[in-house]
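Residues per chain, in single letters:
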Amino acid sequence: MSPYKNPHYDVSEIVALAHAQRAQILGDLIGKGVHFLVAAVGNAFTRLQAANKQRAAVAQLMAMDERMLQDIGLNRTLVPFVVTGSV
């Protein structure tokens, strides 16, 4: 009789249970990793869209002449700060 044999435990059942648990844990980790990557890509895309909108707004304001800018209370040096909200 092998010293590793125990009449109360079936080694093949224990190994099968360990494999099933490992598969479940790996599946959970992969799912969480995919979720994280999708969220990160989505956030990056959102930030890029916001940056493009800000660049377009700056370009549109910079295309105005001095008088138009003065009418809305701006000068060229303030345009980037006003658009980004840092003023």
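For every chain, the first residue of the written sequence is number 1, and numbering continues from 1 onward in sequence order. Since the coordinates come from a predicted model, pLDDT governs what is reported: local features require at least 70, and pairs of side-chain atoms require 80 or more to be given and counted, while whole-chain, interface and lining totals use all residues. Heavy atoms throughout the structure, all of them, feed into the side-chain values; hydrogens and water do not.

1. Things to note about the overall build of the chain
A count of helices and strands for the chain gives three helices and zero strands. Secondary structure elements follow DSSP: runs of H or I no shorter than four residues count as helices, runs of E no shorter than two count as strands, and numbering proceeds from the N terminus. Traced from its N-terminal end to its C-terminal end, the chain shows the element sequence α-α-α. What you see for the chain is a C-alpha radius of gyration of 31 Å, clearly larger than the 12 Å of a compact globule of 87 residues, by over 25%. Considered along the principal axes of its C-alpha atoms, the chain spans approximately 100 × 20 × 15 Å. A total of 87 residues make up the chain; the buried ones form 5% of that total. We compute the radius of gyration from the C-alpha atoms alone; for a globule the expected value is 2.2 Å times N to the 0.38, where N is the number of residues. Each residue is assigned to one of three classes by its accessible area relative to the maximum for its type, calculated with a 1.4 Å probe on protein chains only: buried under 20%, partly exposed between the two thresholds, exposed over 50%.

2. Focus: the environment of Met 68
With respect to the helices and strands, Met 68 occurs in helix α2 (residues 66-71). For the pair Met 68 and Ala 40, spaced 28 residues apart in sequence, the C-alpha separation works out to 40 Å.

3. Comments concerning a nonpolar patch on the surface
Patches draw on residues past 30% relative accessible area with no salt bridge. Two like charges within 9 Å are joined, as are two nonpolar side chains (Val, Leu, Ile, Met, Phe, Trp, Tyr) within 5 Å. Here the Shrake-Rupley method, with its probe set to 1.4 Å, supplies the accessible areas, and only the displayed protein chains count as covering residues. Any Lys or Arg side-chain nitrogen located within 4 Å of an Asp or Glu carboxyl oxygen qualifies as a salt bridge. Taken together, Ile 25, Leu 26, Leu 29, Ile 30, Val 34 and Val 38 make up a surface patch of nonpolar side chains, about 590 Å² in accessible area. You can see Leu 29 is positioned in helix α1 (residues 11-62).

4. Overview of the pattern of salt bridges
Applying the stated criterion across every chain yields a total of one salt bridge. Between Arg 76 and Glu 66 there is a salt bridge, and its shortest N-O distance comes to 2.7 Å. Note that Arg 76 is positioned in the loop between α2 and α3 (79-84) and Glu 66 in helix α2, a separation of ten residues in sequence.

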